[in-house]
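# Observations on chain architecture
Residue strings, one per chain:
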Amino acid sequence: MHRRDLLKGATASVGAAFLEMPAVAASSSADLSGDLSVTVSQNGRALTYSQSAGTDLGDFVAPGFVQRCIRVDQGDSPLTIFFRPDRNSERVEVVFELGRMWGAANKRASHMGRYTATIRKGQRVLATVVAPNHWWFSRWRWQSSARPVVRTAKDLIEGKLLLPYSADASAFAEKPEPAGPATYEHPMDSAGIQIQLGTSGDRPDIGPVTDYQADYLITGSVASLAILRAQAEAAASIPIHLRDEVTSAPVDFFRHPNVSWYDEPNGEPWVRPYSTIVGADGKNACPWELSTSHDPALNYVPYLLTGDPYHLEELQFQGGQPLGWTSYHRSETGLQVVFPDDARSYAWSMRTIFQLAKITPESVPRWLQPRAYWKRIADDNLKWFTANFVNESSPACSVFHSATGLENLQAWQEDFLATVLGWAVLMGFEDWRRAYRWKLESTLARTNGRSGWPRQWCTPFSVRIYKSEPADFVYARKSPSSIWQKSWATAWESYRANPTKGVKLPFPDTVSWAQKDDPQLLLYTRGALALATHLGIEEAREPFEFVDRMAAKNKFTYYKWSIAPAQSRNP
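Because the structure is a prediction, the values reported are computed rather than measured.

Thresholds applied
- Residues numbered from 1 in each chain as written.
- Predicted model: local features only at pLDDT ≥ 70, side-chain atom pairs only at ≥ 80, totals over all residues.
- Heavy atoms only, no water.
- Salt bridge = Lys/Arg side-chain N within 4 Å of Asp/Glu carboxyl O.
- Helix = DSSP H or I, 4+ residues; strand = E, 2+ residues; numbered from the N terminus.
- Buried < 20%, exposed > 50% of the residue type's maximum accessible area, 1.4 Å probe, protein only.
- Axes fitted to C-alpha atoms, helices over the stretch in contact; angles between N-to-C directions.
- Parallel < 35°, antiparallel > 145°, perpendicular 65-115°, else oblique.
- Left-handed = near helix turned anticlockwise from the far one by under 90°.
- Contact = heavy atoms within 4.5 Å.
- Nonpolar A, V, L, I, M, F, W, Y, C, P; charged D, E, K, R; others polar.
- 1 Å grid on protein atoms, 1.4 Å probe; cavity = no way out; pocket = protein on both sides within 12 Å on 5 of 7 lines; lining within 4 Å.
- Points joined across faces, edges and corners; volume = space filled by probe spheres on them.

## What to know about the pattern of salt bridges
- In this structure the tally under the stated criterion is 34 salt bridges.
- In this structure, Glu97 and Arg139 form a salt bridge, with 3.1 Å as the shortest nitrogen-oxygen distance. Here Glu97, found in strand β8 (residues 93–98), pairs with Arg139, found in strand β11 (residues 139–143); they are 42 residues apart in sequence, far enough to count as distant. In this pair, the class of Glu97 matches that of Arg139, namely buried.
- Across the salt bridge formed by Asp379 and Lys375, the nearest N and O atoms sit 2.6 Å from each other. Taken together, the residues Asp379 and Lys375, both in helix α10 (residues 371–390) and 4 residues apart, mark about one turn of the helix.

What follows is the structure, encoded as structure tokens:
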């Protein structure tokens, strides 16, 4: 299928009948006059929300459309309805959000359970939707039609908004398999996203982008387009949508620098989260389990493809989660630092912050945060990262270039972070280049064959770079320099002497992957080095070529790590 044919069909439903408006004959068009309204019926009680009774929060202006946003609340219900009709078309969108951040309404936090929403324009029923559940701080929407795909993968890659994906680099990629049915059929559906986000191991829904997104970007797969769109809708089911009811925007962490929605009372103020709501059995009534270390990349690519502000709004709620779920590091540093539990946590959290600081419009309606807000958060993290890692003299940082979790050097996570920081530089965040170049040194030392660490074992799952346990697993400065290994060579000697690592010497040859871990780990190192070649790091070229040859022998890759190298300057 040619790309032009794909785009013709790009407005198709993501798999849920309730997303589409019933067809209206021309003779009955007059029936569509009148006010938009929603009647929510539950347990014999009905509440009606009318657009005319709401508060206009301003328009989102995009190429090709202008979308309104009118907020409507009803009594003491914590359910808010946002009516979002277009000004220049017949398209209608209605968003249902459950939750309150402040005061008694938050203290009474509870899931909503099954209800029916009847959406009308005037007297005509546009849709009747049954929500089987509605989790606290989750949301869903009904839209009369999906926004069409209006941008191509080629344009987005050439515009440096996406990593340089290539069909040549994905020769051995297999089609991803979702964790469950990959369609979005009703509110609170997961569309094949792993609900227990902390589940270990690689999954199609985590990474720089999801494997479905990368498959579509590389191959134009219609099936993967449908899945990436369904999962973007299902992202709204994740209970992370904390909107400040005073401002109507996602919570502002500079206005509330120590706010937290940790599982237990912690932070000033503490907002009661979904995880405190238990059922009769005393267990969490909501099935979602969150993890900043496994944060899926669900809405950035859909927003780039369609310009739909719902996806941008989802990305903003996601950007707030690694800040708000705990205030520990923010309170300690006085900076809005995303949670640095380990390198992957920091990588995926900063992936979202960089994306928001790049693609959020400079001027937005009051129901969003502007670009400058997200850039300020990125700046806070640059200040923190530079002070505590780049400028730190401890061997953990000056020799091993490890960040941000020092309990063990997990090379694959270090490569996640190198890739994300490199992606930020690619997108134009030149102020992060020094931090990126510092972080890449870990990848280069493991792959250049000169550091004392064997390049055929370049992505160890876990390496202990200390001789006695550090006082702190984030801040190396809190421990004496003497506790750390002094070089990559001594770290290797300690590593290979551990019988649990399975090192057998000599290696069978000098060019093949000798590591006993899953070969998928090698893909992350390859991706970090491939990206480095696009950023002018000439010393990454030879290590990339070596690692690329090892990876090719394994005949295995993922679409989401199929990053092409830059063309050599000396062919």
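## Describing the packing of helix α7 (residues 309–324) against helix α9 (residues 343–359)
- Viewed as axis vectors pointing N to C, α7 and α9 meet at an angle of 135°, and their least axial separation amounts to 9 Å. Between α7 and α9, the crossing angle belongs to the class labelled oblique. Of the two possible hands of crossing, α7 and α9 adopt the one that is left-handed. Contacts between α7 and α9 involve Leu312, Leu315, Gln316, Gln318, Gly319 and Pro322 from the first element and Ser349, Arg351, Thr352, Ile353, Gln355, Leu356 and Ile359 from the second.
- Each residue belonging to the contact of α7 with α9 can be placed in one class, and the counts come to 6 nonpolar, 6 polar and 1 charged.

## What to know about empty space enclosed by the protein
- Considering all chains together, one arrives at 3 cavities of 30 Å³ or more under this definition.
- Estimates place the volume of the largest cavity at around 90 Å³.
- What lines the largest cavity is Arg71, Thr80, Phe82, Glu97, Leu98, Gly99, Arg100, Phe137, His241, Arg243 and Glu245.
- Residue assignment for the lining of the largest cavity shows that the elements contributing at least two residues are β7 (79–83) and β8.
- Looking at the lining of the largest cavity residue by residue, the classes come out as 3 nonpolar, 3 polar and 5 charged.

## Description of the layout of surface pockets
- Here the largest pocket is characterised by a volume of approximately 410 Å³.
- As for the largest pocket, its lining consists of 27 residues, of which Ile240, Tyr274, Leu290, Ser291 and Gln321 are closest to the centre.
- Its residues placed into classes, the lining of the largest pocket shows 17 nonpolar, 6 polar and 4 charged.

These figures come from the coordinates and say nothing about function on their own.
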